[in-house]
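So the chains spell out like this:
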Amino acid sequence: MPHRSWTSRNSGIHPPKLHDNLLGMIGNTPLVRLSGVTRDLPAEVEVWAKLEFMNPGGSVKDRPARQIILDAIAQGLLGQGQRLNDATSGNTGIAYAMLGAALDIPVTLVMPGNTSEQRKRVVTAFGAEIIASSEMEGSDGAITLVREILEADTEGNYYYADQYSNPSNPLAHTLTTAPEIWKQTDARVTHFVACTGTSGTIMGTGRGLKGFSKEIQIIGAQPADAFHGLEGLKHMPSSIVPQIYDESLLDEIRWIETEAGWDMAEQLAVDEGIAAGNSGGANVVAALQVASTLEKGVVVTVICDHADRYMD
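To start, this report covers the structure provided alongside it. Note that the coordinates shown come from a computational prediction; the quantities given were computed from them, not determined experimentally. (Residues numbered from 1 in each chain as written. Predicted model: local features only at pLDDT ≥ 70, side-chain atom pairs only at ≥ 80, totals over all residues. Heavy atoms only, no water.)

1. Re the overall build of the protein chain
Cut-off, in case you're wondering: Where helices and strands are cited, they refer to DSSP runs of H or I of at least four residues and of E of at least two residues respectively, numbered from the N terminus. Each radius of gyration is computed over the set of C-alpha atoms, and the globule rule expresses the reference value as 2.2 Å times the number of residues to the power 0.38. Only protein chains enter the accessibility calculation, which uses a 1.4 Å probe; a residue whose area is less than 20% of its type maximum is buried, one above 50% is exposed, and one in between is partly exposed. Working rule for contacts: check all heavy atoms of both residues, and any pair within 4.5 Å makes them a contact. Computed with a 1.4 Å probe, the accessible areas rest on the Shrake-Rupley method; for each residue, only the protein chains presented here act as cover. The convention is simple: Lys and Arg are positive, Asp and Glu are negative, and His and the chain ends are not counted. To locate a charge, the coordinates of NZ of Lys, CZ of Arg, CG of Asp or CD of Glu are taken.
Helices and strands together make up the secondary structure of the protein chain, namely 8 helices and 10 strands. For the protein chain, the C-alpha radius of gyration of 19 Å lies close to 20 Å, the compact-globule estimate for 312 residues. Each principal axis of the C-alpha distribution contributes one length, and for the protein chain these read about 65 × 45 × 40 Å. When each of the 312 residues of the protein chain is scored for burial, the buried share is 55%. Sequence-distant contacts, at least 24 apart, represent 72% of the contacts inside the protein chain between residues at least 6 apart. Carbon and sulfur atoms make up 52% of the accessible area of the protein chain, which amounts to about 14400 Å² in all. Side chains of the protein chain carry 23 positive and 38 negative charges; the gap between the two charge centres is 8 Å.

2. Examining unusual backbone geometry
For Asp104, which is not a glycine, the phi torsion comes out positive at approximately 60°. In this fold, Asp104 is placed in the loop between helix H2 (91–103) and strand E4 (107–112). Judged by its relative accessible area of 71%, Asp104 is exposed. Backbone geometry places Ala187, a non-glycine residue, at a positive phi of 65°. Relative to the helices and strands, Ala187 is located in the loop between helix H5 (168–184) and strand E7 (191–195).

3. Some remarks on the sheet that holds strand E8 (residues 217–223)
Put simply, the test is: One bridge is not enough; two strands pair if DSSP finds at least two bridges between them. Helix axes are fitted only over the stretch in contact, all axes being lines through C-alpha atoms; the angle between N-to-C directions runs from 0 to 180 degrees.
The strand order E1-E2-E10-E7-E8-E9 describes an open sheet built from 6 strands, whose pairing is mixed. The open sheet has two edge strands with one neighbour each: strand E1 (31–33) and strand E9 (252–256). Strand-to-strand twist in this sheet, taken as the mean axis angle between neighbours without regard to direction, amounts to 25°. Pairing of E7 with strand E10 (residues 297–303), which is carried by 2 bridges, proceeds in the parallel orientation. Note on E10: the bridge partner recorded for His191 is Val299. Sheet strands touched by H5: E1, strand E2 (45–51), E7 and E10. Its angle to E2, the strand with the most contacts, is close to 135°.

In structure tokens form, the structure reads like this:
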């Protein structure tokens, strides 16, 4: 197999930026063209992946966590001794815990009992408290339990971040992810594809990209079954639907099998040198499905986090 093309212009050295704190390091993640898994596509069809594991907290969830916290502080709802509380399957919890440590905000997280040990260890390393919900009920069980905790909080000790309903979640992507993609593709992006968990990424990025051009197609993807193994993703027909989810924004929905997402994550490592989590693998599966229908186009998707979060 011939080597893929690479030129010296790809090796440009840029001086590192200085930041007063971690908040300024979130976003502006690299966009990388996939060349191995796309070898069977027409030459004029490009597929690009945004490497969100390059955020300081290691995932795409750094963006909404920052926006949620900053908006809550601005509204006087957080930063005066309240504990941030939310339901999370892992990545948003890590982002909350990291930013809580940086901003001196206490954090309590309700996480399903079967959340990976790596994620729980990272969360507690930042000093956050974990309350386990039923491992049989997934993210929906965590949402139910956190609401019960909030109902019993008569003294106002908690600020409920509520990532599934908080408009600051998609707003983060409208303000950052969408303009980054628009600029990084030189306004050539034709399709944006992403799976739904809270749905913040697809809703916010889709809304932002539509603001640049109504012609851009926004394709959502979901696990094909209610009982699936794509961590952090939601099968909407069988789940508590996030309030921020608006299906009318989507031009199309793709359904992804668990095995396909995991297999693609492994293939990305071998063919692209990208160690992606299974949700990132599912995103690429959906992006390739879309790309296979095109004769020309620029398809962009997201690698949500790194494979090391799934390696026991």
